[in-house]
Each structure stands twice: as C-alpha cells, then as structure tokens.
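Descriptive analysis of the structure
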Amino acid sequence: MLERFRSWGPTVILSDGDVVFQPRKVQRSGLAEAVDGVLIYVHKERELEDVERRYPAEHYVLVDDKLRVLTAVKRAWGARVTTVFPRQGHYAHDPEALAGHPPADLTVERIGDLVDHDLATLRARAGAVAAGPAGGR
C-alpha cells in the first residue's frame, strides 16, 4: 500500500503518542524507509498547521484507526482531506472510541483494501461527504 500511496504523492507517517517509543517503533518496523517522512506529535490532530507547513498539498488522505482523530482533522480541513477508517487496530472495534463520532469518508476492513481505490475516487469521496448532510463535521 505504501508504494501505491507514494505513486499518488508524498507519503508521510503521521503518528502520535510517546515521543521516545513511537519513533523507535516506526524505525524498527522498517516503515520509515518506505515513506517520505515521519511526523510524531503528542496529539497529531492539534498539529495540522505544522503538517501543512512541512508537506503542503491541495488534498490529503488520512488513514487512521481512531475516529476521534479523523473527525478532528475533517473539521479542520473539510473537503481538503479524505478520511479513511480501517477497521483494524486497537481502537477500531472499541465501542467507547467509536461512540459519538461521524463515519469517515471511507471505511475499509483493513488498510490493504485500499488497493481497490484510486486517488481520484478517494478525493471525490471527501467532497461528497463534505457536501452531504454530515458535511458540517
């Protein structure tokens, strides 16, 4: 998937959590070498201006297993971001973590399912959702 994402444009791991543990985890996994950058913040959804400054783009695609983060980013960037919720990972099936958040622009069972989507389709989903009834997110 990372190769596919990189064919669309710069691909960056945007992570949050412990500023010592997270970089080590990304480095040891080999993911750091497979992307164009790694940004780690305590709360990534609060650092969107820094993300934009470092990686300016007309449109972003954010894949995250936390609906809370996807909702916050959608509120900030609106139709400039396509939010993708893979239903895998620690938070993806936690009823408390899911409660009270609108759906992402796209939900997939696993990140690998994105291979069936192209960038134009993903961009269109962001605009369609932003223009629809839940567009005020």
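Scoring rules and cut-offs
Residues numbered from 1 in each chain as written. Predicted model: local features only at pLDDT ≥ 70, side-chain atom pairs only at ≥ 80, totals over all residues. Heavy atoms only, no water. Pairing = 2+ DSSP bridges. Helix = DSSP H or I, 4+ residues; strand = E, 2+ residues; numbered from the N terminus. Axes fitted to C-alpha atoms, helices over the stretch in contact; angles between N-to-C directions. Contact = heavy atoms within 4.5 Å. Salt bridge = Lys/Arg side-chain N within 4 Å of Asp/Glu carboxyl O. Buried < 20%, exposed > 50% of the residue type's maximum accessible area, 1.4 Å probe, protein only.

Turning next to the sheet that holds strand E3 (residues 60-63). Across the sheet, 3 strands lie side by side as E3-E4-E5; this open sheet has parallel pairing. Looking at the sheet topology across the chains shown, the edges are occupied by E3 and strand E5 (106-108). Within the sheet, the average angular offset between the axes of one strand and its neighbour, ignoring direction, is 20 degrees. Where strand E4 (residues 81-86) lies against E5, 3 bridges are found, and the strand directions are parallel. By the bridge assignment, Phe85 is partnered in E5 with Thr107. Across the sheet, helix H4 (residues 67-77) lies against E3 and E4, angled at about 175 degrees from E4, the strand it touches most.

Turning next to the pattern of salt bridges. As enumerated under the stated definition, the model contains 10 salt bridges in all. As a salt-bridge pair, Lys44 and Asp64 come within 2.5 Å of each other at their nearest N and O atoms. One end of the pair, Lys44, is in the loop between strand E2 (37-41) and helix H3 (48-54); the other, Asp64, is in the loop between E3 and H4, and 20 residues separate them in sequence. By relative accessible area, Lys44 is classed as buried at 4%. Owing to a relative accessible area of 5%, Asp64 belongs among the buried residues under this scheme. Arg110 serves as the salt-bridge partner of Asp113, at 3.6 Å between the closest nitrogen and oxygen. The exposure class of Arg110 is partly exposed, given its relative accessible area of 48%. Bridged by salt links that share partners, the residues Asp50, Arg53 and Arg54 form one connected network.

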